[in-house]
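Summary of the model geometry
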Amino acid sequence: MINITRRRFGQTAAAGSAILAAPSILRAQSAGRVVVIGGGAGGGTVAKYVKKDAPDLDVTLIEANAQYTTCFYSNLYIGGIRDLDSITHSYDTMAGNGVNVINAMASGVDAGAKTVTLEDGTVVEYDKLVLAPGIDFKWDAIEGYDEAAADIMPHAYKAGPQTKLLKEKVDAMAEGGTFVMVAPPNPYRCPPGPYERVCMIAKRFKESNPTAKIMILDPKEKHSKQALFQEAWDNHYEGMVEWVPGDFGGKVTAIDATAMTITTEDGEAVKADAANIIPPQKAGTIAEIAGATDDTGWCPIDAHTMASTVVDDVYVVGDACIPGDMPKSGFSANSQAKVCAMAVRNALTGSDLFPARFRNTCWSTVADEDTMKVGASYEATDEKIAKTEGFISEVGESADLRLQTREEADGWYDSITADIFS
Ligand SMILES: Cc1cc2nc3c(=O)[nH]c(=O)nc-3n(C[C@H](O)[C@H](O)[C@H](O)COP(=O)(O)OP(=O)(O)OC[C@H]3O[C@@H](n4cnc5c(N)ncnc54)[C@H](O)[C@@H]3O)c2cc1C
């Protein structure tokens, strides 16, 4: 267990649990101290599995938020299929199982001293540090799109208040208005996410604002599951969705959130009645502070163990890492986390280290009973996480199969969130 020195901490967030308010120095005495920054799909899974499989290790999870709202299924919330409560999860069970959960923002990492500093100055010591902070945005990449602009034109690419705001904007948009989505450049979190979102927004409009239009301004020339999404737009939302790829005017250079205009590379100012701007992305800032990023803004890793290749005793899982052939997804993060947990236990206790294997499936719901998927298996090579085999739904599949895929997706959501949080 953790010893608290210098001063005793004042309160616990939940009586009887190990969710801690931040003390000044956390010095654990155990077979090894594992600190995880970020309690999402990646970090939550690492913390849970290290503690479950090696109870003698001292595992501390540092997470900025008291609850975790999943980005996965947040598009279904926007589409009116799920409510926010059903995609929000607590850390109570993890804390009850012996993980020291600290609700605080980590603001510093000293890789030499092997310490993490929290925003209130508390210092947490580690033997192995796992970075799982997800993404941050390159706020300077599109002129005029900053955090203040995101209050008017939400990104909703970190789930929670932004997702709620985007749904409100969609539901309140003027009758017959134009909704503009600015899609992000590669690489970014959840490649099919923007296009699934368009389907869910179109679903809302079809129900309550049927003359509304959606324009997607996309810097890319092609996107994930393209033929399948285009089929869905034709089948379910005919005439409602226009996708503008990069070479045809999709590249955005400036945004004026007050005037609600979006200016493209060729100088055209598109007027929006409501908008969703998904900016270019990079690894969560704490990864950069820890020195674990490279010139790309993401974290290089050893695919066999998820260890950072640039900082000793640091591992990186989830969206923040450079995942080779894997997409940045919750499924991927959870899969990488299990490899990482095994490697951390091996390093601290000498437990077995098996060859790393990874899996991913991304389901996209395009209408109430119409879901499609793409997925693959992967192995670790000395260069990267490499794809071994994959599958994808086909254009023209039967309604029965698409409904079955929808049920499969719901089953996955329940099982991955149980795998992380219970
Ligand atoms: C609209 C949308 C739809 C998606 N749909 C799917 C889907 O259907 N299937 C799928 O598999 N994936 C989906 N994803 C992707 C998925 O959500 C991410 O890939 C996944 O959450 C990545 O996990 P992570 O652990 O790397 O990051 P996150 O889950 O974002 O977790 C990072 C955590 O770190 C915390 N944190 C960050 N910095 C600090 C700090 N300094 N101190 C303390 N805490 C910190 C954050 O608060 C956060 O809780 C979707 C994403 C979006 C945006």
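Only a predicted model underlies this, so the values are computations on that prediction, with no experimental measurement involved. (Residues numbered from 1 in each chain as written. Predicted model: local features only at pLDDT ≥ 70, side-chain atom pairs only at ≥ 80, totals over all residues. Heavy atoms only, no water.)

Neighbouring the ligand are 35 residues; G42, E63, Y68, R189 and D319 lie closest to it. Note that an oxygen atom of the ligand is positioned 2.8 Å from one of the backbone N or O atoms of G42. One nitrogen or oxygen atom from the main chain of A106 is found 2.9 Å from a nitrogen atom belonging to the ligand. When the ligand is considered free in solution it has 1,000 Å² of accessible area, and contact with the protein chains removes 94% of it. (Near = heavy atom within 4 Å. Polar contact = N/O pair within 3.5 Å; in protein donor to acceptor, adjacent residues only side chain to side chain. Areas by Shrake-Rupley, 256 points an atom, 1.4 Å probe, with all protein chains shown as cover.)

This brings us to helix 5 (residues 193-208). Here helix 5 spans 23 Å end to end across 16 residues, near enough to the 22 Å set by a 1.5 Å rise per residue. Extensive coverage of helix 5 is indicated by the burial of 12 of its 16 residues. When we look at burial in helix 5, the residues that qualify are G193, P194, Y195, E196, R197, V198, C199, M200, I201, A202, K203 and F205. (Helix = DSSP H or I, 4+ residues; strand = E, 2+ residues; numbered from the N terminus. Expected span 1.5 Å × (residues − 1). Buried < 20%, exposed > 50% of the residue type's maximum accessible area, 1.4 Å probe, protein only.)

Our focus in this paragraph is the sheet that holds strand 25 (residues 357-367). Spatial strand order, 25-26-27: three strands in an open sheet with antiparallel pairing. What marks the edges here is a single partner per strand, and that holds for strand 25 and strand 27 (385-392). Looking at each pair of strands side by side, their axes are set apart by 20° on average, direction ignored. Relative to strand 27, strand 26 (residues 370-380) is paired through seven bridges, and the arrangement is antiparallel. Each bridged residue has a counterpart across the sheet, and for Y378 the counterpart in strand 27 is K387. The strands touched by helix 8 (residues 330-349) are strand 25 and strand 27; relative to strand 25, the strand with the most contacts, the crossing angle is about 165°. (Pairing = 2+ DSSP bridges. Axes fitted to C-alpha atoms, helices over the stretch in contact; angles between N-to-C directions. Contact = heavy atoms within 4.5 Å.)

Parsing the protein into structural domains produces domain 1 (2-136 + 282-352) and domain 2 (142-279). The gap between the C-alpha centroids of domain 1 and domain 2 is 31 Å. Across the boundary between the two partners, domain 1 contributes 19 residues, which contact 20 residues of domain 2. Taking both partners together, domain 1 and domain 2 bury about 1,700 Å²; carbon and sulfur atoms supply 65% of that area. The largest per-residue losses of area from domain 1 upon contact with domain 2 belong to N75, I78 and I135, which jointly make up 35% of the total buried on that side. Counting across the interface, domain 1 meets domain 2 through two salt bridges. (Domains from an automatic or database assignment. Buried area = accessible area lost by both parts, 1.4 Å probe. Salt bridge = Lys/Arg side-chain N within 4 Å of Asp/Glu carboxyl O.)

Turning to a negative patch on the surface, a few remarks are in order. Taken together, E221, D247, E265, D266 and E268 make up a surface patch of like negative charges. Tracing the chain through its elements places E268 in the loop between strand 18 (261-264) and strand 19 (269-271). Looking at E268, the relative accessible area reads 48%, which means it is partly exposed. (Patch = residues over 30% accessible without salt bridge, like charges linked within 9 Å, V, L, I, M, F, W, Y side chains within 5 Å. Lys, Arg positive; Asp, Glu negative; His and termini not counted. Charge placed at Lys NZ, Arg CZ, Asp CG, Glu CD.)

Look at helix 1 (residues 41-53) against helix 8: their axes get within 8 Å of each other, and the N-to-C directions meet at 35°. Relative to helix 8, helix 1 is oriented so that their crossing is right-handed. Along the contact surface, helix 1 presents A41, G42, T45, V46, Y49, V50 and D53, while helix 8 presents G330, A333, N334, A337, K338, C340, A341, V344 and R345. Partitioned by chemical class, the residues of the contact of helix 1 with helix 8 number nine nonpolar, four polar and three charged. (Left-handed = near helix turned anticlockwise from the far one by under 90°. Nonpolar A, V, L, I, M, F, W, Y, C, P; charged D, E, K, R; others polar.)

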